[in-house]
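A closer look at the structure
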Amino acid sequence: MRAAHEDRGARALPAAAWRREGDRVGTLFHELGGFAAVSRIVSDFYDRVLDRDILAPYFADVDMRRLVDHQTKFIASMLGGPASYSNEALRQIHARLNIDRAALDAMKEELAASLLAHGVSSRDVANVMADIEARAGYVITRN
């Protein structure tokens, strides 16, 4: 994972997650409005994903409510929220899905579009994409 900030016992977070205002340190998660805002971003993301021929088949037999809940927590964790997913958990979750580079790239495109549509700056989107790319080896399961 990319550089992370640690503050008196706080868990490590992606560099993209942290905000500094004077002496206050916060997170992009809080700046965006917490879980409610992240949930809207994730819902928009899956609307986009399900419209993509390359991505929709991965979700044919998936409980989307449950997936949206898990993905909201994952994206929240990347933005500095109170959730955490280890690389090993990502590997286990994606192991049987036969995800290739093209599918991951399409997913990143749709997530970037959703983040931008919900007011996330292009700089922050680029940082989130870099954090996802750093975990690509745990998600891509097919060459």
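Refer to the structure above for everything that follows.
Now for a quick tour of the structure. These numbers were taken from a predicted model, which means no experiment stands behind them.

**Thoughts on the overall build of the protein**
Each helix and strand in the protein was counted, giving seven helices and four strands. Walking the protein from its N terminus toward its C terminus, one meets helices and strands in the order β-β-β-β-α-α-α-α-α-α-α. Partitioning the contacts of the protein with sequence separation of at least 6, the portion at a separation of at least 24 is 67%.

**Some points on the nonpolar core**
If you look at the biggest cluster of nonpolar residues, it comprises 35 residues, and the most contacted ones within it are Leu 79, Leu 111, Leu 115, Met 129 and Ile 132. Here Leu 111 is in contact with Phe 45, Ile 75, Met 129 and Ile 132, once residues within four sequence places are set aside.

**Focus: the side chain of Thr 72**
Relative to the elements of secondary structure, Thr 72 occurs in helix H3 (residues 64–78). Those residues in contact with Thr 72, other than ones at most four positions away along the chain, are Phe 35, Val 38, Ser 39 and Val 42.

**Observations concerning the pattern of salt bridges**
Applying the stated criterion across every chain, the model contains nine salt bridges. Here Arg 142 makes a salt bridge to Asp 100, at a shortest N to O gap of 3.1 Å. Separated by 42 residues along the polypeptide, Arg 142 in the segment after helix H7 (136–139) and Asp 100 in the loop between helix H4 (87–94) and helix H5 (101–117) bring together distant segments of the chain. With relative accessibility at 39%, the residue Arg 142 sits in the partly exposed group. Residue Asp 100 is classed as buried on the basis of its relative accessible area of 17%. For Asp 105, the salt bridge is made with Arg 101, and the minimal N-O distance between the two is 2.9 Å. With Asp 105 and Arg 101 both in helix H5 and four residues apart, this pair spans about one turn of that helix. Classification of Arg 101 by relative accessible area gives partly exposed; the value is 33%. Residues joined by salt bridges that share partners form a network here, namely Arg 101, Asp 105, Lys 108 and Glu 133.

**Regarding the packing of helix H2 (residues 34–50) against H3**
At their nearest, the axes of H2 and H3 sit 9 Å apart, and the two run at 125 degrees to each other. Compared by their axis directions, H2 and H3 come out oblique. For the crossing formed where H2 meets H3, the hand is right-handed. Note on element contacts: H3 touches H2 through Met 64, Leu 67, Val 68, Gln 71, Thr 72, Lys 73, Ile 75 and Ala 76, opposite Phe 35, Val 38, Ser 39, Val 42, Ser 43, Phe 45, Tyr 46 and Leu 50. Partitioned by chemical class, the residues of the contact of H2 with H3 number 11 nonpolar, four polar and one charged.

**Some words on the environment of Val 42**
Within the fold, Val 42 resides in helix H2. Measuring from C-alpha to C-alpha, the distance between Val 42 and Ala 76 comes to 9.7 Å, with 34 residues separating the pair along the chain. With residues near it in sequence (within four places) discarded, Val 42 still touches Val 68, Gln 71, Thr 72 and Ile 75.

**Structural notes on the packing of aromatic side chains**
Each aromatic ring pair is summarised here by two numbers: the centre-to-centre distance and the angle between the ring planes. For the coordinates displayed, the defined rule picks out three aromatic pairs. Considering the side-chain rings of Tyr 46 and Phe 59, the 5.5 Å spacing of their centres and the 75 degrees angle between planes classify their relative orientation as edge-to-face. A residue pair is termed long-range when its members are at least 10 positions apart, and Tyr 46 in helix H2 and Phe 59 in the loop between H2 and H3 qualify at 13 residues. Accessibility classification places Tyr 46 together with Phe 59 in one group, the buried group. What links up through ring pairs into an aromatic cluster is the set Phe 45, Tyr 46 and Phe 59.

Calculation rules
Residues numbered from 1 in each chain as written. Predicted model: local features only at pLDDT ≥ 70, side-chain atom pairs only at ≥ 80, totals over all residues. Heavy atoms only, no water. Helix = DSSP H or I, 4+ residues; strand = E, 2+ residues; numbered from the N terminus. Contact = heavy atoms within 4.5 Å. Core = buried A, V, L, I, M, F, W, Y, C linked by side-chain atoms within 4.5 Å. Buried < 20%, exposed > 50% of the residue type's maximum accessible area, 1.4 Å probe, protein only. Salt bridge = Lys/Arg side-chain N within 4 Å of Asp/Glu carboxyl O. Axes fitted to C-alpha atoms, helices over the stretch in contact; angles between N-to-C directions. Parallel < 35°, antiparallel > 145°, perpendicular 65-115°, else oblique. Left-handed = near helix turned anticlockwise from the far one by under 90°. Nonpolar A, V, L, I, M, F, W, Y, C, P; charged D, E, K, R; others polar. Phe/Tyr/Trp six-rings, centres within 6.5 Å; stacked < 30°, edge-to-face > 60°.

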